[in-house]
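The residues making up each chain are set out below.
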Amino acid sequence: MADNIKDPSKWDVQLRKGTLELVILSLLKGRNLYGLELLGQLQELETTAISEGTLYPLLDRLKRDGSIDAKWHQEGDTRPRKYYNLTKNGQEKLTDLTDRWRKSVEDIEFLLENPGPQKLPKKGK
């Protein structure tokens, strides 16, 4: 990252806050994961690494809003694990958030490639 950014971690925190729902729903697409698996996946990437203290409240909120479901599962002699999966509502939310993310990236890319005082295209075009 550029040296002239005083604290890139502040930028990462704000970006992460705005995209965590999208990232978690994306990780659960087509598979069931338990909390520490999700956390491990998130920590593999520089801009998605979060703590347990951030993950579990977000999972609870996504469960309350019907985006994900959770079921306890016993595996052998290990302690039970709570597995999370997308609901139909969660799949629809993932599609909507993905569309918004892609539109946002498209708009930002346009601005990066076309700096200056030129007139911007009208919304929706």
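Residues numbered from 1 in each chain as written. Predicted model: local features only at pLDDT ≥ 70, side-chain atom pairs only at ≥ 80, totals over all residues. Heavy atoms only, no water.

A.B. asks: Lay out the packing of helix α2 (residues 35-43) against helix α3 (residues 52-64) with the relevant residues and their values.
C.D. replies: Where α2 contacts α3, the axes come no closer than 11 Å and their chain directions differ by 125°. On the basis of their axis angle, the class for α2 and α3 is oblique. Pair α2 / α3 crosses with right-handed handedness. Residues Gly35, Leu36, Leu38, Leu39 and Leu42 of α2 pack against Glu52, Leu55, Tyr56 and Leu59 of α3. Classifying every residue of the contact of α2 with α3 by side-chain character gives seven nonpolar, one polar and one charged. (Axes fitted to C-alpha atoms, helices over the stretch in contact; angles between N-to-C directions. Helix = DSSP H or I, 4+ residues; strand = E, 2+ residues; numbered from the N terminus. Parallel < 35°, antiparallel > 145°, perpendicular 65-115°, else oblique. Left-handed = near helix turned anticlockwise from the far one by under 90°. Contact = heavy atoms within 4.5 Å. Nonpolar A, V, L, I, M, F, W, Y, C, P; charged D, E, K, R; others polar.)

A.B. asks: So what's going on with the packing of aromatic side chains? Which residues, and what values?
C.D. replies: Taken as a whole and judged by the stated rule, the model has one aromatic pair. Between the aromatic rings of Tyr34 and Tyr83, the centroid separation amounts to 5.4 Å while the plane-to-plane angle is 75°, which identifies the pairing as edge-to-face. Of this pair, Tyr34 sits in strand β1 (residues 33-34) while Tyr83 sits in strand β3 (residues 81-86); the two residues are 49 residues apart in sequence, bridging distant segments of the chain. Note on accessibility: Tyr34 and Tyr83 belong to one class, buried. The ring of Tyr34 carries the charged tip of Arg81 above its face, separated from the ring centre by 4.1 Å. (Phe/Tyr/Trp six-rings, centres within 6.5 Å; stacked < 30°, edge-to-face > 60°. Buried < 20%, exposed > 50% of the residue type's maximum accessible area, 1.4 Å probe, protein only. Lys NZ or Arg CZ within 6 Å of the ring centre and 35° of its normal.)

A.B. asks: Please set out the pattern of salt bridges residue by residue, giving values where relevant.
C.D. replies: Considering all chains together, one arrives at seven salt bridges under this definition. Residue Lys93 pairs with Asp65 through a salt bridge whose shortest N-O separation is 2.8 Å. Placement of the pair is Lys93 in helix α4 (residues 88-113) and Asp65 in the loop between α3 and β2 (68-73), with a sequence separation of 28 residues. When its relative accessible area of 32% is taken as the criterion, Asp65 is described as partly exposed. The salt bridge involving Glu75 is made with Arg81; its shortest N-O contact spans 3.1 Å. A relative accessible area of 30% places Glu75 in the partly exposed class. For Arg81, a relative accessible area of 28% corresponds to the partly exposed category. (Salt bridge = Lys/Arg side-chain N within 4 Å of Asp/Glu carboxyl O.)

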